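# Observations on the model geometry
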Amino acid sequence: DGTIPPMKILIPTMLTPAQVAPQIEAIRAVTPGVEVFASCLKASASVNRNACLDQITVGEIAIMIDDDVESFRVGWVDDLLKGMEIHNAVMVSARLLNPDGSFGPTCACNFDREPMEIVLRPRPASPHCIMPTAAIAFHHRGHRFPESMRGSGWEDNWWAAEYVDSDPDAVFVQSNRC
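Residues numbered from 1 in each chain as written. Predicted model: local features only at pLDDT ≥ 70, side-chain atom pairs only at ≥ 80, totals over all residues. Heavy atoms only, no water.

With that settled, the discussion passes to the overall build of the protein chain. Across its full length, the protein chain holds four helices and seven strands. Listing each helix as α and each strand as β along the protein chain from the N terminus yields β-α-β-α-β-α-β-β-β-α-β. Here the protein chain, with 178 residues, has 47% of them falling under the buried criterion. Sequence separation of at least 24 residues holds for 73% of the intrachain contacts in the protein chain that already meet a minimum separation of 6. For the protein chain, the computed accessible surface area is about 8900 Å², with 55% contributed by carbon and sulfur atoms. (Helix = DSSP H or I, 4+ residues; strand = E, 2+ residues; numbered from the N terminus. Buried < 20%, exposed > 50% of the residue type's maximum accessible area, 1.4 Å probe, protein only. Contact = heavy atoms within 4.5 Å. Areas by Shrake-Rupley, 256 points an atom, 1.4 Å probe, with all protein chains shown as cover.)

Time to look at the confidence of the model for the protein chain. Taken as a whole, the protein chain shows an average pLDDT of 80; of its residues, 77% reach a score of 70 or greater. Taken as a whole, residues 123-128 scores under 50 in pLDDT and shows three contacts with residues more than four places along the chain or in a different chain. (pLDDT = per-residue confidence, 0-100.)

What follows deals with the packing of aromatic side chains. The tally for this structure, following the rule as stated, stands at three aromatic pairs. A ring pair is formed by Phe138 and Trp159, whose centres lie 5.0 Å apart and whose planes are at 90°; its orientation type is edge-to-face. Highlighted residues: Phe138 in strand 6 (residues 135-139) and Trp159 in helix 4 (residues 155-166), separated in sequence by 21 residues. The class of Phe138 is buried, set by a relative accessible area of 0%. Connected via pairs of aromatic rings, a cluster forms that spans Phe138, Phe145 and Trp159. (Phe/Tyr/Trp six-rings, centres within 6.5 Å; stacked < 30°, edge-to-face > 60°.)

Relative to each other, helix 2 (residues 45-53) and helix 4 sit at 50°, their axes nearing to 10 Å. Here helix 2 is positioned oblique relative to helix 4, judged by the angle of their axes. Residue-level contacts link Ala45, Ser46, Arg49 and Leu53 of helix 2 to Glu155, Asp156 and Trp159 of helix 4. Per-class residue counts for the contact of helix 2 with helix 4 are three nonpolar, one polar and three charged. (Axes fitted to C-alpha atoms, helices over the stretch in contact; angles between N-to-C directions. Parallel < 35°, antiparallel > 145°, perpendicular 65-115°, else oblique. Nonpolar A, V, L, I, M, F, W, Y, C, P; charged D, E, K, R; others polar.)

Attention now moves to the pairing of strand 6. With four of five residues buried, strand 6 lies mostly within the body of the structure. Taken together, the five bridges between strand 3 (residues 61-65) and strand 6 define a ladder with antiparallel strand orientation. By the bridge assignment for strand 6, Met64 is matched with Ile136. As paired elements, strand 4 (residues 91-94) and strand 6 share three bridges and run antiparallel to each other. Note on strand 6: the bridge partner recorded for Met91 is Phe138. (Pairing = 2+ DSSP bridges.)

Alternating residues of strand 1 (residues 8-11) divide into Lys8 and Leu10 and Ile9 and Ile11, and every residue in both groups is buried. Sheet topology note: the strand 1/strand 3 ladder contains three bridges and is parallel. Across the sheet, residue Lys8 finds its bridge partner in strand 3, namely Ala62.

Shown next, in the form of structure tokens:
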């Protein structure tokens with residue numbers, strides 16, 4: 001029915017609140033009523049991501065989105081959540097495109113332009129494909145980010161891999177709809 005369930009959109013970021021405000025406003029403009037939280041800590045990416053996880057409880061559905069994602073359209077949250085509903089997935093990743101419409105570096109070997117979902121798990125995934133985590137909807141299962149990792153870039157892949165390792169039958173999906 002197009003009604004977004006109660007949930008939060010989480011933005012792990014080292015940016016200041018003023019720097020992340022345009023992204024928050026862009027999200028709110030197309031998803032009214034959804035709570036948006038930005039961590040804004042001067043700390044590692046893992047610490048910021050865990051600060052976001054602290055805003056939700058185990059079992060909740062949330063969306064975590066990197067602070068450099070832009071160009072939100074009406075319906076993007078519904079499209080992301082649709083992959084969870086259709087496939088009973090625990091995690092759905094948005095396949096991101098560059099501003100010019102070309103495939104981004106986090107396309108996970110998905111070069112299909114059809115508006116559909118690609119089931120990455122439980123079937124064996126290519127060793128060269130990863131779960132893109134720049135914009136994901138997920139059921140929070142209690143996994144935390146490894147705060148011993150410095151900087152940013154691989155902590156999110158490690159976190160997604162923890163989901164895979166914890167439940168070999170769990171379904172992971174990449175959505176071309178959003």
